[in-house]
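Notes for the structure review
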Amino acid sequence: MGADFSHSRGSESRFSHWLRRRPKPQQGDVDGTAREALLLAVAEAGMPIAPAAHPIGYRCSCERVGCPTPARHPVSFAWQTQSTTDRAQIERWARSQPQANFITATGMIHDVLDVPLSAGTQALERLLAAGIEVGPVARSGDDRMLFFTATRGTPEDEDEWWPCELDCHPETMDEHPGLRWHCRGSYVLLPPAMLPGEVDVRWVRGPENPLPDPLTLLETLTDACARFVGSAEQSDVDHESVAWPMSR
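Now for the sheet that holds strand S4 (residues 101–105). Strand order in the open sheet formed by 3 strands is S1-S4-S10, with antiparallel pairing between adjacent strands. The sheet is open, and its two edges are formed by strand S1 (49–52) and strand S10 (187–189), each paired on a single side. Within the sheet, the average angular offset between the axes of one strand and its neighbour, ignoring direction, is 35°. Sheet topology note: the S1/S4 ladder contains 4 bridges and is antiparallel. Each bridged residue has a counterpart across the sheet, and for Ala52 the counterpart in S4 is Asn101.

Right, dumping it as structure tokens:
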């Protein structure tokens, strides 16, 4: 952790600052060639991908009335078997579906630790300051941050696979408002992606960064999430203490 680390940390801070300041892209702003290159970079890192829905104004392209996850879900129910790292297939998808978002299926090569944005921002700063290897990181909309890690594995013997109370599947998202661990049977939306309301999904640290062991990040992330929950609860208490006399 000498001059090289200080330089890399400074570069990281400048990059994060640039991400916060730059205008949010409009639908279709990402050049098709650049979009394709970003998707192929994910595949080259070994992470399988599949097409997902995209926004049409504030609606989802799936046209389902009241879609619970607009522009955030795969277009096919067979997304787990459809997901691939095949370059030719990804190029066909990207060119034939220029508006499509893409998901990456977790639990095969990689997992994703998904945390509230403010907690993730704090955790990322602490991890980099401590010199801990952090892999790819994405900002998902205005509320979540995604930390890509190596997977816990999918051994042939099911008894060797260790479950976790943080495990998150698409249908259990609401049950994990804090830290979500996307592993087998789950997925996350990949950058570059657009969400309703002109909100985007973008890389903070790209897929060229090696995937770390999830346990090297877990303590810092859980601590940051606990702080986030604590500050939110304290804010509610403060709000109630101010509002209570007014309501009497």
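Following the structure, the description resumes.
With that out of the way, let us pick up the nonpolar core. One recurring pattern in soluble globular proteins: nonpolar side chains tend to sit buried together. Counting 21 residues, the largest nonpolar core has Leu113, Val134, Phe147 and Leu221 as the members making the most contacts within it. Secondary-structure elements contributing two or more residues to this core are strand S5 (110–116), helix H5 (117–129), strand S7 (144–150) and helix H6 (215–247). Sorting elements by how many residues they give to this core places H5 first, with 6 residues. The residues contacting Phe147, other than those within four sequence positions of it, are Asp111, Val112, Leu113, Val115, Gly120, Leu124, Leu127, Val134, Pro136, Val137, Leu217 and Leu221. Core analysis: the next-biggest nonpolar cluster, separate from the first, contains 18 residues, Ile49, Trp93, Leu146 and Phe148 among them.

Where helix H2 (residues 32–44) meets helix H4 (residues 87–96), the closest approach of the two axes is 10 Å, and the angle between their N-to-C directions is 150°. Our classification of the angle between H2 and H4 gives roughly antiparallel. Here H2 runs over H4; the crossing is right-handed. Contacts between H2 and H4 pair Arg35, Glu36, Leu39, Leu40, Ala43 and Glu44 from the former with Arg87, Ile90, Glu91, Ala94 and Arg95 from the latter. Residue composition of the contact of H2 with H4, by class: 5 nonpolar, no polar and 6 charged.

Glancing now at the pattern of salt bridges. All chains considered together, the criterion is met by 10 salt bridges. One salt bridge connects Arg180 with Asp114, and the closest N-O pair in it is separated by 3.4 Å. With Arg180 in strand S9 (residues 180–182) and Asp114 in strand S5, this pair connects stretches of sequence that are 66 residues apart. Each member of the pair Arg180 and Asp114 is classed as buried. In this structure, the salt-bridge partner of Arg139 is Asp142, at a minimum N-O distance of 3.6 Å. Overall, the relative accessible area of 19% leaves Arg139 in the buried class. Residue class for Asp142 comes out partly exposed when judged on its relative accessible area of 42%.

Most of strand S12 (residues 199–205) is tucked away: 7 of the 7 residues are buried. Here strand S6 (residues 137–140) runs beside S12; their pairing, made up of 4 bridges, is antiparallel. Opposite Val137, over in S12, you have Arg205 as the bridge partner. Across 3 bridges, the pairing between strand S11 (residues 193–195) and S12 is antiparallel. Paired with Leu195 across the bridge in S12 is Val199. If you look at the hairpin formed by S11 and S12, you'll find 3 residues sitting between the two strands, and Gly197 has a positive phi there, around 85°.

Turning to the packing of aromatic side chains, a few remarks are in order. Evaluation of the coordinates by the stated rule reveals 3 aromatic pairs. With centroids separated by 4.9 Å and ring planes inclined at 75°, the aromatic side chains of Trp79 and Tyr187 adopt a geometry described as edge-to-face. Placement of Trp79 in helix H3 (residues 79–82) and of Tyr187 in strand S10 is noted, with a sequence separation of 108 residues between them. Neither residue differs from the other here; Trp79 and Tyr187 are each classed as buried. Relative to Trp203, the ring of Phe148 lies with its centre 5.2 Å away and its plane at 55°, an arrangement referred to as tilted.

About the thresholds
Residues numbered from 1 in each chain as written. Predicted model: local features only at pLDDT ≥ 70, side-chain atom pairs only at ≥ 80, totals over all residues. Heavy atoms only, no water. Pairing = 2+ DSSP bridges. Helix = DSSP H or I, 4+ residues; strand = E, 2+ residues; numbered from the N terminus. Axes fitted to C-alpha atoms, helices over the stretch in contact; angles between N-to-C directions. Core = buried A, V, L, I, M, F, W, Y, C linked by side-chain atoms within 4.5 Å. Buried < 20%, exposed > 50% of the residue type's maximum accessible area, 1.4 Å probe, protein only. Contact = heavy atoms within 4.5 Å. Parallel < 35°, antiparallel > 145°, perpendicular 65-115°, else oblique. Left-handed = near helix turned anticlockwise from the far one by under 90°. Nonpolar A, V, L, I, M, F, W, Y, C, P; charged D, E, K, R; others polar. Salt bridge = Lys/Arg side-chain N within 4 Å of Asp/Glu carboxyl O. Phe/Tyr/Trp six-rings, centres within 6.5 Å; stacked < 30°, edge-to-face > 60°.

Taken by themselves, the reported measurements are silent on function.
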